[in-house]
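Each chain is listed here by its residues.
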Amino acid sequence: MHLKKHKLFKNKYPFLLSFALTGIVFQESVNSTILEIGHKEKIDFVWQVVYREFLDPEDDFNKRDWMKLRKNLLSKKYLDTQDAYNSIKEMLASLNDPYTRFMDPSEFNQMKIDLSGELIGVGIQIAKDEKDDLIIISPIEGSPAIEAGIKPQDKIISIDDNPTEGMSIDKAVQLIRGKKGTKVKLEILRKETVLIKSLLRETIRIKSVSSKINSSKDGYLIGYLRVNKFGEKTSDELKEILIDLEKKDMSGYVLDLRWNPGGSLQSSIDISRHFIDKGTIVSTLTKDGLKDVKKGTGISLTQKPLVVLVNKGSASASEIVSGAIKDNKRGKLVGEKTFGKGLVQNMTPLGDGSAVTLTIAKYLTPNGTDINKFGITPDIKVKMNIKPILQRDIGTRKDKQYKAGEKELINIIKMKNQISQFNPATTNLN
């Protein structure tokens, strides 16, 4: 797949700052944090990490040229930190790997927030409208913003008496966030009314899993599980939901991974283990050919029939789960071929708040499919709705892919019930 032509990427180097859009799978190097050092030493440290660990997806990394580059880099003078940052960016860009990149302190901090699923704030999502006004997309459930009566489409006029006209989103976020227990004052314009809201900053947990119970036309109870990213707490969120749904005697599950760009590698392994009792989940290969195989632990949360919804926006960690479900014949995949992002990035902090993400390995499905080259092909190919559907209709029979997934799930349930009736000894399987 040519990345520049894919709709998720819009620049020569497709580094969208929001983790929710990158689809990068991360393994953080715990022992790689370095103390504050000089500019040349920092540049050389990054150079050394690349030399030792970089896995070139295109197999054309030339170590001889890389040695020449080091000599050139260390012969230059660096006036300040930004000068050093620019040099590191240029060095990494020369690798032509869209997933290997430098993050300055603000970008790295945002990445950590996205991975953790928690932040200190008031619980609002903000954006710029067509008039360049700062508006609220939606308040987060259970947040101070909800308690204060904040509503979608509210316009933020000022933050702590700082006018928002011409203010960037990054600056607004910086002003709204702060220490837990402190307050921030928002001046809100709602239609023709100006409102003043004083909000207490709290720890906001950003949920990455949503669920509901759907009833089929045949009366089967279907647990619908939508995972929008793989963060540090996603596995625990899904576990809690699954345990509750199992008590309500679901007939089967639809796991929705559409437009899920990925996230934590460990999260994808843990979530696969919720459904897969035994068998290989994923294996990773480094440039030295080392193979790390992850398997089920024998303590899955459910063995009920399963359908997984995927599309071209399902990437990275989503493809690990999808590939594991398919290759272990644990369930059926319905939708469109996945994105095809099968590379592992190591995240290396540089000691001053900045960090580097470096491609260090690729992963394979249990059957050995190279996800980065081929993606995951669904068992049943179904295109999405031609016309966009409302958010509330996702995961309902108005959703074309869900409708096809539900139909396939019912077929699996009925077939399993027929086998159980024919052979009573199998009734303990569900």
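Right, let's walk through the structure included here. Remember, predicted model here, so these are calculated numbers, not experimental data. (Residues numbered from 1 in each chain as written. Predicted model: local features only at pLDDT ≥ 70, side-chain atom pairs only at ≥ 80, totals over all residues. Heavy atoms only, no water.)

### With respect to the pairing of strand S11 (residues 209–215)
Basically, it comes down to this: One requirement defines pairing of two strands: DSSP has to find at least two bridges between them. Per the convention used, a helix needs a DSSP run of H or I reaching at least four residues, while a strand needs a run of E reaching at least two, with both numbered from the N terminus.
Taken together, the seven bridges between S11 and strand S12 (residues 221–227) define a ladder with antiparallel strand orientation. In the sheet register, Ser 210 faces S12, and the bridge partner there is Arg 226. What sits between the antiparallel neighbours S11 and S12 is a turn of five residues, in which Gly 219 has the positive phi angle 90°.

### Some points on the packing of aromatic side chains
The cut-off we apply is this: Between 30 and 60 degrees the pair is tilted, below 30 it is stacked and above 60 it is edge-to-face, where a pair is any two Phe, Tyr or Trp rings, Trp via its six-membered ring, whose centres lie within 6.5 Å. Exposure classes here rest on a 1.4 Å probe applied to the protein chains alone. A residue is buried below 20% of its type maximum, exposed above 50%, and partly exposed in between. Geometrically, a lysine NZ or arginine CZ counts as sitting over a ring once it is within 6 Å of the ring centre and also within 35 degrees of the ring normal.
Under the criterion given, the structure shown has six aromatic pairs. Note on Trp 47 and Tyr 51: the rings are 5.2 Å apart at their centroids and 10° apart in plane angle, and the pair reads as stacked. Of the two residues, Trp 47 and Tyr 51 both sit in helix H2 (residues 39–53), four residues apart, roughly one turn of that helix. Exposure remark for Trp 47: the relative accessible area of 3% places this residue in the buried category. Between Phe 61 and Trp 66, the aromatic rings sit 5.6 Å apart at their centres with planes inclined by 65°, giving edge-to-face as the arrangement. Residue class for Phe 61 comes out partly exposed when judged on its relative accessible area of 24%. Through pairs of rings, three or more aromatic residues link up here, namely Trp 47, Tyr 51, Phe 54, Phe 61 and Trp 66. Taking the ring centre of Tyr 224 as reference, the NZ or CZ of Lys 212 above it sits at 5.4 Å. The residue whose ring lies beneath Lys 341 is Tyr 99, and the NZ or CZ to ring-centre distance is 4.6 Å.

### Regarding the packing of H2 against helix H3 (residues 63–74)
Put simply, the test is: Each axis is a line fitted through C-alpha atoms, taken for helices only over the stretch in contact, and angles between the N-to-C directions span 0 to 180 degrees. Reported orientations rely on four angle classes, namely roughly parallel under 35 degrees, roughly antiparallel over 145, roughly perpendicular from 65 to 115, and oblique for the rest. The contact definition used throughout considers only heavy atoms, calling two residues in contact when any of these lie within 4.5 Å. For this classification, the nonpolar set comprises Ala, Val, Leu, Ile, Met, Phe, Trp, Tyr, Cys and Pro, the charged set comprises Asp, Glu, Lys and Arg, and every other residue, Gly included, is treated as polar.
Where H2 contacts H3, the two axes come as close as 10 Å, and the packing angle between them is 175°. By the angle between their axes, H2 is roughly antiparallel relative to H3. Along its contact with H2, which presents Lys 40, Ile 43, Asp 44, Trp 47, Gln 48, Val 50 and Tyr 51, the element H3 presents Lys 63, Trp 66, Met 67, Arg 70, Leu 73 and Leu 74. Its residues assigned to classes, the contact of H2 with H3 comprises eight nonpolar, one polar and four charged.

### Some details on the environment of Lys 40
As a reminder, the rule being used: Pairs of N or O atoms are called polar contacts if they sit within 3.5 Å, as long as, within protein, a hydrogen donor faces a hydrogen acceptor (for residues adjacent in sequence, only side-chain-to-side-chain pairs).
Inspection of the secondary structure assignment puts Lys 40 in helix H2. Separated by 36 residues in the primary sequence, Lys 40 and Lys 76 place their C-alpha atoms 8.5 Å from one another. When neighbours within four sequence positions are excluded, Lys 40 is seen to be in contact with Leu 74, Ser 75, Lys 76 and Tyr 78. A distance of 3.0 Å separates the side chain of Lys 40 from the backbone oxygen of Leu 74, its partner in a polar contact.

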